[in-house]
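Overview (structure and organization)
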Amino acid sequence: MKKVTAVLAAMIVVLSFSAMASAAVDSKFYGYQWVRYQFYQEGASAVSLTASSTFSIPRTYLRWKVTDAELGYSGNLTLDVNMTKGGQENQKIDWAAWMKYGYVELTNIPMLKDADITVRLGQQKVYFGTIDSWEYPMIEKNIDDKLKVCSSADMGVALDGNIPGGWGNYQLALYNGIGYKNLDSNMEKAYNASLLVTPIPGIYVRGSYLQQITSALGMSGNSVKDKRATAVVVGGATGPIEGSVEYLVSCDDSAASASKTGVTVGVSTYLGVKVINPVSVHLRWDTWNPDTKAVRDEMNMIAVGTNVQLAGTGVVLQLNYQLEQPQFPDGGSNNLMKKNKNTWTAQAVWNF
């Protein structure tokens, strides 16, 4: 708790100084919180059954945004405070806090401004697949995050540009390559490129590439261990309907062995429909192969949910059911129905 208080105090001091230093500064504090109940059951019989019933607050985002239009910059700070089953950091911490985002955007750099390019410095989103655009219309993480293909945020520098004529946007980034919960210990870095094109109004196509190099040849006797990932997303929205399809390929050299390729392939589909003003329904189906060399280890996940804006409040109630199961339950020791994972979740999301 002392750690969280110290970080909050430091943020307030920095923002107060910024406000005094420039009359043009606009400061905003906001955030949101998830209050969750979850029932989890794994297995199909009393013999193999594993179950849990848990109340938690898995996410609290405390956000500050400072904008100086005159000087052409904005600063963004997001503190991520969460409590999950079993605690954080090998169950040593019940409540943990990280700086999820801490970056400054420079919008007034000569030449780059003319090309509609923003420079973003600091801890920021990783621009890959749908991980940076997934706003949790359903409770489960997006497939890139769920399969741990990449972290949702990392420390680095990025160029964020728009294609003239409103045809799309792109990002080019250099990161530490070890995620936002770790200090930089990577001699090499991660390289990220993403391009989104809107060929038809309401329809977009996005391609993303990420390469993480975790050790350099010849340093401490280590060989190069690359992790490369590619994603293609097709999505869009029209009226009350929105949806997307993502195809993902991840190649992790450190996971390769005589019995494994280290290659993961996955597909994620999402559909959301607004039924009436306060109510929407959501469907998701994912399928993935954890390793292309292993036989019959493919997995499926199906999730259904509804979101309800509670009348007279700023609270959204999310109700989700999720089933995760082997694609080929052939009776082998690894694919029995005892591996089925059923999750029922009720979550209140409130913004401030």
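This is a predicted model, so every value here is computed, not measured.

**Examining the pairing of strand E5 (residues 117–125)**
- E5 sits mainly inside the fold: 7 of its 9 residues count as buried.
- The sheet contact formed by strand E4 (residues 96–106) and E5 spans 5 bridges and is antiparallel. Residue pairing for E5: Gly102 is matched across the bridge by Gln123.
- With 9 bridges connecting them, E5 and strand E6 (residues 153–163) associate as antiparallel partners. From the neighbouring strand, Ile117 faces E6, where its bridge partner is Gly161.

**Some thoughts on the layout of surface pockets**
- Its boundaries defined by the atoms lining it, the second largest pocket holds a volume of some 500 Å³.
- Considering the residues around the second largest pocket, the lining is formed by 24 residues, among which Trp288, Pro290, Asp291, Asp297 and Met299 are closest to the centre.
- Considering only residue class, the lining of the second largest pocket consists of 9 nonpolar, 5 polar and 10 charged.

**Here we look at empty space enclosed by the protein**
- Overall, the coordinates contain 2 cavities of 30 Å³ or more when judged by the stated rule.
- If you add up the space inside the largest cavity, you get close to 70 Å³.
- For the lining of the largest cavity, the secondary-structure elements that each account for two or more residues are strand E11 (241–252) and strand E12 (263–276).
- Looking at the lining of the largest cavity residue by residue, the classes come out as 3 nonpolar, 4 polar and 2 charged.
- Reported here for the second largest cavity is a volume of approximately 40 Å³.
- For the second largest cavity, the full set of lining residues is Val126, Cys150, Ser151, Asp154, Tyr175, Ala190, Leu210 and Gln212.
- The residue inventory of the lining of the second largest cavity, partitioned by class, reads 5 nonpolar, 2 polar and 1 charged.

**Topic: the packing of aromatic side chains**
- Across all of its chains, the model carries 11 aromatic pairs by this definition.
- With a centroid separation of 6.2 Å and an interplanar angle of 35 degrees, the aromatic rings of Tyr32 and Trp34 are classed as tilted. With respect to class, Tyr32 is no different from Trp34; both count as buried.
- What links up through ring pairs into an aromatic cluster is the set Phe29, Trp64, Trp350 and Phe352.
- Here Lys181 stacks its cationic end above the ring of Trp98, 4.2 Å away from the centre of that ring.
- Above the plane of the ring of Trp134 lies Arg284, whose end atom (NZ or CZ) is 5.3 Å from the centre.

The rules behind the values
- What you see as residue numbers is a count from 1 along each chain, following the sequence as written.
- Totals for whole chains, interfaces and linings use all residues, but because this is a predicted model, local features are given only for residues with pLDDT of at least 70 and pairs of side-chain atoms are given and counted only at 80 or more.
- Hydrogens and water molecules were not included; the side-chain quantities draw on all heavy atoms of the structure.
- A simple rule labels every residue: compare its accessible area, found with a 1.4 Å probe on the protein chains alone, to the largest value its type can have, and call it buried under 20%, exposed over 50%, or partly exposed in between.
- Helix and strand assignments come from DSSP, with helices taken as H or I runs of at least 4 residues and strands as E runs of at least 2, each series counted from the N terminus.
- Note: two strands are recorded as paired if DSSP finds a minimum of 2 bridges between them.
- Points on a 1 Å grid, built from protein atoms alone, make a cavity when a 1.4 Å probe fits but cannot get out and make a pocket when they are open with protein on both sides within 12 Å along at least 5 of 7 lines; residues with an atom within 4 Å of a point are the lining residues.
- Grid points are joined across faces, edges and corners, and a volume is the space filled by probe spheres set on the points.
- Throughout, the ten residues Ala, Val, Leu, Ile, Met, Phe, Trp, Tyr, Cys and Pro are labelled nonpolar, Asp, Glu, Lys and Arg are labelled charged, and all others, Gly among them, are labelled polar.
- Between the rings of Phe, Tyr and Trp (Trp by its six-membered ring), a pair exists once the centres lie within 6.5 Å; its type follows the angle of the planes, with under 30 degrees stacked, over 60 edge-to-face, and the other angles tilted.
- Here, a charge over a ring is recorded when the distance from Lys NZ or Arg CZ to the ring centre is within 6 Å and its angle to the ring normal is within 35 degrees.

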